[in-house]
Amino acid sequence: MEADGHRVTALHGAFEGAERDALLEDFRSGKTKVLITTNVLARGIDVSTVSMVINYDIPMKGKGDSEPDPETYLHRIGRTGRFGRIGVSISFVYDKKSFQALSDIANQYGIDLVQLKPDDWDEAEKRVQAVIKSNRAQAAFVPSATDPRQPAEA
Amino acid sequence: MRYADKFAPKALKMTLAAGEQTVKGISQMYMDCPGEQDKYDILCKLYGLMTVGSSVIFVKVS
């Protein structure tokens, strides 16, 4: 990704205190824009400018990652949309197990997940940008796959 | 929770109803990828297209 010109930080449990703080400070100040991390940062960090959270892997728990972990999911997506700001979360699913895990999580919290299709980039871009650009006044805006006021399917 | 009961059985507990835990203002989407190997390509493409401020990518521990 760095080859594509993104300033990326990777942060995981192997980093200790001071180093971790330094990396986090770079991210906080905007020196790095993309932070790749594991569950060590799922809760607690608070960077108000985060506008997108990607779940590259669906959070799992239990023996051999057999069960979905809704709580961690919630904490992860809670890294964006701080203090009434607008945020986007995109979860990557690729097989039956990950799809099932995500839909279990969505059901538990009653979330309407909006589907993005990797072969329809125009539509995907439009949707994400629409959310990012909408301002704080619309913080109560809940994107819905079933709301008739919005196009339900791409 | 069980620990809390043992530690302070008479303490007042405050929990959120399941339906109230979710957060408004966060647009939650999912990307249907054809396979695990495609995820990285899709991720790069996503970043190529979008101009986002800061973002966090969560991965599992390998």
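Scoring rules and cut-offs
Residues numbered from 1 in each chain as written. Chains lettered and ligands numbered in written order. Predicted model: local features only at pLDDT ≥ 70, side-chain atom pairs only at ≥ 80, totals over all residues. Heavy atoms only, no water. Helix = DSSP H or I, 4+ residues; strand = E, 2+ residues; numbered from the N terminus. Buried < 20%, exposed > 50% of the residue type's maximum accessible area, 1.4 Å probe, protein only. Contact = heavy atoms within 4.5 Å. Pairing = 2+ DSSP bridges. Axes fitted to C-alpha atoms, helices over the stretch in contact; angles between N-to-C directions. Salt bridge = Lys/Arg side-chain N within 4 Å of Asp/Glu carboxyl O. Buried area = accessible area lost by both parts, 1.4 Å probe. Polar contact = N/O pair within 3.5 Å; in protein donor to acceptor, adjacent residues only side chain to side chain. Nonpolar A, V, L, I, M, F, W, Y, C, P; charged D, E, K, R; others polar.

Draft legend 1. Up close: the overall build of chain A. When helices and strands are tallied, chain A shows four helices and seven strands. Helices and strands appear in chain A in the N-to-C order β-α-β-β-β-β-α-β-α-β-α. Taken over 154 residues, chain A has a buried fraction of 46%. In chain A, once contacts between residues fewer than 6 apart in sequence are set aside, the share between residues at least 24 apart is 64%.

Draft legend 2. A look at the sheet that holds strand β2 (residues 54-58) of chain B. Within the open sheet, the seven strands sit side by side as β1(A)-β2(A)-β2(B)-β3(A)-β6(A)-β1(B)-β7(A). Their pairing is parallel. Here the strands that pair on one side only, and so sit at the sheet edges, are β1 (8-11) and β7 (114-116) of chain A. Taking each pair of neighbouring strands and ignoring which way they run, the sheet shows an average axis angle of 20°. Alignment of strand β2 (residues 34-37) of chain A against β2 of chain B, held across four bridges, turns out to be parallel. Each bridged residue has a counterpart across the sheet, and for Thr-37 of chain A the counterpart in β2 of chain B is Phe-58 of chain B.

Draft legend 3. Up close: the pairing of β2 of chain B. Here β2 of chain B lies mainly inside the structure; five of its five residues are buried. Relative to β2 of chain B, strand β3 (residues 50-55) of chain A is paired through five bridges, and the arrangement is parallel. Each bridged residue has a counterpart across the sheet, and for Ile-54 of chain A the counterpart in β2 of chain B is Ile-57 of chain B.

Draft legend 4. Expanded view of the pattern of salt bridges. Summed over the entire model, instances satisfying the criterion amount to four salt bridges over all chains. Residue Lys-39 of chain B is joined to Asp-57 of chain A by a salt bridge in which the shortest nitrogen-to-oxygen separation is 3.0 Å. With one member in each of two chains, Lys-39 of chain B in helix α2 (residues 38-49) and Asp-57 of chain A in the loop between β3 and β4 (60-61) form a pair that bridges those chains. Across the pair, Asp-57 of chain A and Lys-39 of chain B agree in class, each one buried. Residue Lys-126 of chain A pairs with Glu-123 of chain A through a salt bridge whose shortest N-O separation is 3.5 Å. You can see Lys-126 of chain A and its partner Glu-123 of chain A sitting in helix α4 (residues 121-133), three residues apart, about one turn around the helix. The structure contains a network of salt bridges with shared partners spanning Asp-57 of chain A together with Glu-36 and Lys-39 of chain B.

Draft legend 5. Spotlight on the interface of chain A and chain B. Counting residues at the interface gives 65 residues for chain A, matched by 39 residues for chain B. Buried area between chain A and chain B, summed over both chains or domains, comes out near 5,200 Å², and the portion from carbon and sulfur atoms is 64%. The tally of links between chain A and chain B comes to one salt bridge. Counting across the interface, chain A meets chain B through 29 residue pairs in polar contact (both at pLDDT 80 or more). Those elements that place two or more of their residues in the side of chain A that touches chain B are β2, β3, α2 (70-77), β6 (87-93), α3 (96-109), β7 and α4 of chain A. Of the residues forming the side of chain A that touches chain B, the biggest block, eight residues, is contributed by α4 of chain A. Grouping the amino acids of the side of chain A that touches chain B by side-chain chemistry returns 39 nonpolar, 16 polar and 10 charged.

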